[in-house]
Amino acid sequence: MSSAAAAPVCYFNMSVEFFYNMSGKNISAVWHTKDKVVVGLGLTVCVIVILANILVMTAIIRNRRFHFPIYYLLGNLAAADLFAGIAYLYLMFHTGPWTIKLSSYEWFVRQGLLDTSLTASVVNLLAVAVERHQTIFTMQLHSKMTNRRVVCLILGIWLVAIIMGLIPTMGWHCLCSLETCSTMAPLYSRSYLVFWGVLNLLTFTIMVVVYTRIFVYVRRKACRMSQHTSQVRQKETVMSLMKTVSMILGAFVICWTPGLVVLLLDGLHCESCEVLKYEKYCLVLAECNSLVNPIIYSFRDQDMRRTFRQILCCLCPSRAGNKGPSVRFSTLEQEVLSENSSHNHSAL
């Protein structure tokens, strides 16, 4: 009898509204101006994200000259961001007063899609960063990864993302311990939010280290080039790479830091932090990273832009991609490599 009395009481059959009320995140039955603004902004961002990343994926698939490891990773990044756009689009139609109509299962599906898509995007960004680091520091035009290794890497990225999306559904929730429910995600345990936030923060730290090494290397390279050559072209190439690296790192920091901070504060049960006031804006800002990614990684490439124009203008496929691929990074690396060769690799 005592063991039965001590058994935890689970609330699997309770409505989503019940958990929201218990956690203090009340659901309004009517639409407020803030809700309309957030949903309207979110829908706009989602549509742009979906269209932009479809364009990137189509360009990579259509132009056979883009079939290199870095392009495969960029295509997978576009796929992850496309999935993120779809997940956010699903969220926009299941938020606000619509949340009351959701069952617990539907709520977990909604949140699982977000966790999966965002994790896939972040891990893919890390994979691109590591690939760029390896390419620049080994003075290669393209990575030596085989297609098989690239496919395994992509499958591994999605496996990690799917597992992260399924963990709460598989048991790391608060349906059997209401006192551990978070405020931002009332069916999630606060400990899971801390785990997810710290894991992403660790990924962020690794990216900072990787891009910082690239930045320091390129800056040192620029200084040595200024001492050994008067060619303006090489100097401008190095500075352009520095700007690109800074843009990648800066975009990630701006888009993800606010959400991670708010998530960790909620997981740590900071009652005075008013996390609900900033929650939706942080979500929209994080989604904007999926819009910025194709701009930074693809739209800066002249050959990619040319392919975009051919797709949008419905030109004959035989006219697409007259010039060989030259990802912005690869072009920069090629010129840096040529400069290195002329100085017997003095930069290293």
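Residues numbered from 1 in each chain as written. Predicted model: local features only at pLDDT ≥ 70, side-chain atom pairs only at ≥ 80, totals over all residues. Heavy atoms only, no water.

*Asks:* What's the story with the overall build of the chain in this structure? I'm lost.
*Replies:* What the chain contains, in helices and strands, is 11 helices and 0 strands. Its helices and strands taken in sequence order, the chain reads α-α-α-α-α-α-α-α-α-α-α from the N to the C terminus. Expressed as a percentage of the 348 residues in the chain, the buried residues total 49%. Sequence separation of at least 24 residues holds for 80% of the intrachain contacts in the chain that already meet a minimum separation of 6. (Helix = DSSP H or I, 4+ residues; strand = E, 2+ residues; numbered from the N terminus. Buried < 20%, exposed > 50% of the residue type's maximum accessible area, 1.4 Å probe, protein only. Contact = heavy atoms within 4.5 Å.)

*Asks:* I keep staring at the pattern of salt bridges and nothing clicks. Help me out?
*Replies:* Two side chains that carry opposite charge are able to pair once their charged atoms sit near each other. In this structure the tally under the stated criterion is 2 salt bridges. A salt bridge links Glu279 to Lys25; the shortest N-O distance between them is 2.9 Å. Placement of the pair is Glu279 in helix α9 (residues 279-299) and Lys25 in the loop between α2 (16-23) and α3 (33-62), with a sequence separation of 254 residues. Accessibility assignment for this pair places Glu279 and Lys25 in one class, buried. Between Glu274 and Lys277 there is a salt bridge, with the nearest N and O atoms lying 2.7 Å from each other. On the basis of relative accessible area, Lys277 is assigned to the partly exposed category, the value being 46%. (Salt bridge = Lys/Arg side-chain N within 4 Å of Asp/Glu carboxyl O.)

*Asks:* Is there a simple way to think about helix α4 (residues 69-92) in this case?
*Replies:* Owing to its 3.6 residues per turn, the α-helix aligns residues three or four sequence positions apart on the same side. Here α4 is 24 residues long and its end C-alpha atoms lie 34 Å apart, about the 34 Å a rise of 1.5 Å per residue gives. Burial within α4 is extensive, with 19 of its 24 residues counted as buried. (Expected span 1.5 Å × (residues − 1).)

*Asks:* Would you mind going over the side chain of His133 with me for this structure?
*Replies:* Residue placement: His133 occurs in helix α5 (residues 104-137). Look at His133 and you get buried, because its relative accessible area is 18%. Leaving out residues up to four positions away in the same chain, His133 has contacts with Val210, Arg213 and Ile214.

*Asks:* Teacher, can you tell me more about the confidence of the model for the chain here?
*Replies:* Parts of the prediction with low pLDDT should not have their coordinates interpreted in detail. Averaged over all residues, the pLDDT of the chain equals 77, while 78% of them reach at least 70. The element-level mean pLDDT for the chain is lowest in helix α11 (residues 328-342), coming to 43, with helix α6 (residues 147-166) highest at 92. Low pLDDT, under 50, characterises residues 1-5; the stretch is placed with 0 contacts to residues that sit more than four places away or in other chains. Low pLDDT (under 50) marks residues 318-348, which in the prediction has 71 contacts with non-local residues, meaning those over four places away or in another chain. (pLDDT = per-residue confidence, 0-100.)

*Asks:* Even after reading the chapter, I still don't get unusual backbone geometry, so can you show me in this structure?
*Replies:* With a phi close to 60°, His269 is a non-glycine residue in the positive phi region. Mapped onto the fold, His269 is located in the loop between α8 (232-267) and α9. Backbone geometry places Glu274, a non-glycine residue, at a positive phi of 55°. With respect to the element layout, Glu274 can be found in the loop between α8 and α9.

*Asks:* Hey, could you run me through the packing of aromatic side chains in this one?
*Replies:* Aromatic rings in a pair are described by how distant their centres are and how their planes are angled relative to each other. Tallied over the full model, the rule gives 11 aromatic pairs. On the basis of an interplanar angle of 80° and a centroid distance of 5.3 Å, the ring pair of Phe18 and Phe19 is categorised as edge-to-face. With a relative accessible area of 1%, Phe19 lands in the buried category. With centroids separated by 5.2 Å and ring planes inclined at 35°, the aromatic side chains of Trp172 and Phe195 adopt a geometry described as tilted. Of this pair, Trp172 sits in the loop between α6 and α7 (190-228) while Phe195 sits in helix α7; the two residues are 23 residues apart in sequence, bridging distant segments of the chain. The exposure class assigned to Trp172 is partly exposed, which follows from its relative accessible area of 30%. (Phe/Tyr/Trp six-rings, centres within 6.5 Å; stacked < 30°, edge-to-face > 60°.)

*Asks:* Mind showing me how you'd approach the packing of α4 against α5 here?
*Replies:* The axes of two packed helices give the description: the angle between them and the distance between them. Across the interface, α4 lies against α5 with an axial gap of 8 Å and an inter-helix angle of 160°. Classified by the angle between their axes, α4 and α5 sit roughly antiparallel to one another. Here the hand of the crossing between α4 and α5 comes out left-handed. Partitioned by chemical class, the residues of the contact of α4 with α5 number 18 nonpolar, 5 polar and 4 charged. (Axes fitted to C-alpha atoms, helices over the stretch in contact; angles between N-to-C directions. Parallel < 35°, antiparallel > 145°, perpendicular 65-115°, else oblique. Left-handed = near helix turned anticlockwise from the far one by under 90°. Nonpolar A, V, L, I, M, F, W, Y, C, P; charged D, E, K, R; others polar.)

*Asks:* Help me understand the state of the cysteines, please; the structure alone is not making it clear to me.
*Replies:* Applying the stated criterion to the full structure yields 3 disulfides. Linked covalently through their sulfurs, Cys270 and Cys273 form a disulfide whose S-S length is 1.8 Å. A torsion of 75° about the S-S bond marks the disulfide between Cys270 and Cys273 as right-handed. Take Cys273: its relative accessible area is 21%, and that puts it in the partly exposed class. Regarding the disulfides, the chain carries the connectivity 1-3, 2-4, 5-6 under sequence-order numbering of its bonded cysteines. The thiol of Cys288 is unpaired, and the distance to the nearest cysteine sulfur, on Cys255, comes to 6.0 Å. (Disulfide = S-S within 2.5 Å.)

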